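Coordinate analysis (summary)
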Amino acid sequence: MTLRQAQDGGSSATRSARFLIVGPQGSGKGTQGVLVAGAYDVPQVATGDIFRANVSGGTELGKRVQAIIEAGDLVSDDLTSELVRDRLSRPDAAGGFVLDGYPRNRTQVDHLDAFLEGRGESLDAVIELSVPREESIARLRQRAVEQGRTDDTEEVIANRLAIYERETAPILDVYRSRGIVVRVDGVGTLDEVTHRIFEALSSRGLVPRHPGAAA
Ligand code: AMP
């Protein structure tokens, strides 16, 4: 019995909610990912947030990845996948999760597949937030002003978007061939986009446990 089923008194009707949210930097996927996680009662697992917390906390991991993150390059696949496996092995992720920022290339897709298959699990949906390039750049510039992130400089923004287009966007084809991609227009107000995500997931039978948390 999964943790969620146990919380439900063992109801076998409880579905898992194993989601991945994919979109270019500045697509709003971080914010939307948190809302989806809240509504489906599962943890949001954002690799960028985990790395940044380690950098600001001055941990060993943080020291290893700091320069890579500041340049907007990718941390090694092995290190990142190990971090994610550890996180997904915690009890709160037994019934599901919202992955944000991982997998980011084909190798990481393979790593995640192997991990989930080993547990008899698979992703239920991949939410693709579709936002034009110019809109992403405008939002990242705005965030640079508001949050002062060291990887939101012009040069690094360009590098991160190039890596997204070259390495991350193609993973959507892999998931599309499995029929699990839910494409959502990411242009609009926060609430509009959230509403679209919930409609799209619900129409696939993936109904939120706490829809109010996202409305
Ligand atoms: P994000 O907040 O998702 O844009 O991630 C910030 C930075 O963390 C990225 O530019 C990478 O340096 C690193 N990072 C996050 N997720 C991954 C991943 N799946 N693989 C490699 N590096 C990652």
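Residues numbered from 1 in each chain as written. Predicted model: local features only at pLDDT ≥ 70, side-chain atom pairs only at ≥ 80, totals over all residues. Heavy atoms only, no water.

1. Some details on the sheet that holds strand β2 (residues 44-46)
The strand order across the open sheet formed by 5 strands is β2-β3-β1-β4-β5, and the pairing between neighbours is parallel. Looking at the sheet topology across the chains shown, the edges are occupied by β2 and β5 (181-185). Averaged over all pairs of adjacent strands, the angle between strand axes in this sheet comes to 20 degrees, irrespective of strand direction. As paired elements, strand β1 (residues 17-22) and strand β4 (residues 125-130) share 4 bridges and run parallel to each other. Paired with L20 across the two strands is V126, which belongs to β4. (Pairing = 2+ DSSP bridges. Helix = DSSP H or I, 4+ residues; strand = E, 2+ residues; numbered from the N terminus. Axes fitted to C-alpha atoms, helices over the stretch in contact; angles between N-to-C directions.)

2. Overview of the packing of helix α3 (residues 47-57) against helix α5 (residues 77-88)
The contact between α3 and α5 brings their axes to 11 Å, and the two run at 100 degrees. When the interaxial angle is binned, α3 and α5 end up roughly perpendicular. Residues T47, I50 and F51 of α3 form the contact with α5, whose participating residues are T80, L83 and V84. (Parallel < 35°, antiparallel > 145°, perpendicular 65-115°, else oblique. Contact = heavy atoms within 4.5 Å.)

3. A short note on the side chain of Q108
Relative to the elements of secondary structure, Q108 occurs in helix α6 (residues 106-118). For Q108, a relative accessible area of 2% puts it in the buried group. Non-local contacts of Q108, meaning those with residues more than four positions away in its chain, are made with D77, T80, S81, Y102 and P103. (Buried < 20%, exposed > 50% of the residue type's maximum accessible area, 1.4 Å probe, protein only.)

4. Considerations on empty space enclosed by the protein
Under the criterion given, the structure shown has 1 cavity of 30 Å³ or more. Of the pockets and cavities examined, the largest cavity occupies roughly 90 Å³. Forming the boundary of the largest cavity are 13 residues, of which G23, K29, G101, R104 and T168 lie nearest the centre. Of all the secondary-structure elements, those providing two or more residues to the lining of the largest cavity are β1 and α8 (154-168). If one sorts the elements of the lining of the largest cavity by residue count, β1 sits on top with 3 residues. Residue classes in the lining of the largest cavity are distributed as 7 nonpolar, 4 polar and 2 charged. (1 Å grid on protein atoms, 1.4 Å probe; cavity = no way out; pocket = protein on both sides within 12 Å on 5 of 7 lines; lining within 4 Å. Points joined across faces, edges and corners; volume = space filled by probe spheres on them. Nonpolar A, V, L, I, M, F, W, Y, C, P; charged D, E, K, R; others polar.)

5. Some points on the site of the ligand
For the ligand, the set of nearby residues contains 16 residues, the closest of which are T47, R52, D73, G101 and Q108. One of the backbone N or O atoms of G101 is found 2.8 Å from a nitrogen atom in the ligand. Measuring from a nitrogen atom of the ligand, one finds a side-chain N or O atom of Q108 at 2.9 Å. Its free accessible area being 480 Å², the ligand has 96% of it covered by the protein chains. Put simply, the ligand lies in the largest pocket. Considering only residue class, the shell around the ligand consists of 5 nonpolar, 5 polar and 6 charged. (Near = heavy atom within 4 Å. Polar contact = N/O pair within 3.5 Å; in protein donor to acceptor, adjacent residues only side chain to side chain. Areas by Shrake-Rupley, 256 points an atom, 1.4 Å probe, with all protein chains shown as cover. Sits in = over half its atoms within 2 Å of the grid points.)

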